[in-house]
Amino acid sequence: MRRAWEDRYGRYGRTDRGMTTSEYAVGTIAACAFAAVLYKVVTSGAVQSALQSLIKDALDAKF
C-alpha cells in the first residue's frame, strides 16, 4: 500500500527528495549568522560596560 502511494505521488512530481538536506543547510547557515551577530553584540563596548556594571553592583550589594 505504501509503495503504491509513493509511486503515485512520485509520478506527479510531489516528491521531497533532497528537501531535508537543503533545510538543514539553511538552518545551519542561519544559526551561524545568528551566533555571529550575538557575538558582536555581546563583545561590543556598551554591552561589556553594562555587564561589568551589573556584576559590580551585584558584588557590592549589602545584605
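Reading guide: rules and limits
- Counting starts from 1 at the beginning of each chain's written sequence and moves along it residue by residue.
- Confidence filtering applies because this is a predicted model: local features only for residues at pLDDT of at least 70, side-chain atom pairs given and counted only at 80 or more, and all residues used for totals across whole chains, interfaces and linings.
- Hydrogens and water are ignored here; the side-chain numbers use all heavy atoms of the structure.
- A run of DSSP states H or I qualifies as a helix once it reaches four residues; a run of E qualifies as a strand once it reaches two. Both are numbered from the N-terminal end.
- Relative accessibility under 20% of the residue-type maximum defines a buried residue, over 50% an exposed one, and the middle range a partly exposed one, all with a 1.4 Å probe and only protein chains included.
- To be clear on the numbers: accessible area is Shrake-Rupley with a 1.4 Å probe, and residue cover counts the displayed protein chains and nothing else.
- In this analysis, the expected span of each helix is defined as 1.5 Å times one less than the number of residues it contains.
- Within this document, salt bridges are pairs made up of a side-chain nitrogen of Lys or Arg and a carboxyl oxygen of Asp or Glu, the two lying within 4 Å of each other.
- Confidence of the prediction at every residue is given by pLDDT, a number between 0 and 100.
- Residues enter patches when they are more than 30% accessible in relative terms and free of salt bridges; like-charged ones are connected within 9 Å and nonpolar ones (Val, Leu, Ile, Met, Phe, Trp, Tyr) within 5 Å.

Draft legend 1. Summary view of the overall build of the protein chain. The helix and strand tally for the protein chain stands at three helices and zero strands. Along the protein chain, helices (α) and strands (β) appear in the sequence α-α-α when read from the amino end. Across the 63 residues in the protein chain, those meeting the buried criterion constitute 0%. Within the structure as shown, the protein chain displays about 6,100 Å² of accessible surface, and the carbon and sulfur contribution to it stands at 64%.

Draft legend 2. Structural context of helix α3 (residues 45–59). An ideal rise of 1.5 Å per residue puts 21 Å on 15 residues; α3 measures up with 21 Å between its terminal C-alpha atoms. The buried count for α3 comes to zero of 15 residues, which makes it a mostly uncovered element.

Draft legend 3. The pattern of salt bridges, seen in detail. Tallied over the full model, the rule gives one salt bridge. Asp 60 is the partner of Lys 56 in a salt bridge, and the nearest nitrogen-oxygen pair spans 3.5 Å.

Draft legend 4. View of the confidence of the model for the protein chain. On average, residues of the protein chain carry a pLDDT of 83, and 73% of them reach 70 or more. Here helix α1 (residues 2–11) stands out as the least confident element of the protein chain, with mean pLDDT 64; α3 is the most confident, with 94.

Draft legend 5. Region of the structure containing a nonpolar patch on the surface. Together, Phe 34, Val 37, Leu 38, Val 41, Val 42, Leu 51 and Leu 54 make up an exposed nonpolar region whose accessible area comes to about 650 Å². Contributions of two or more residues to the nonpolar patch are made by α2 (19–42) and α3. Here the nonpolar patch takes five residues from α2, the largest share from any one element. Tracing the sequence through the fold places Leu 38 in helix α2. On the basis of relative accessible area, Leu 38 is assigned to the partly exposed category, the value being 43%.

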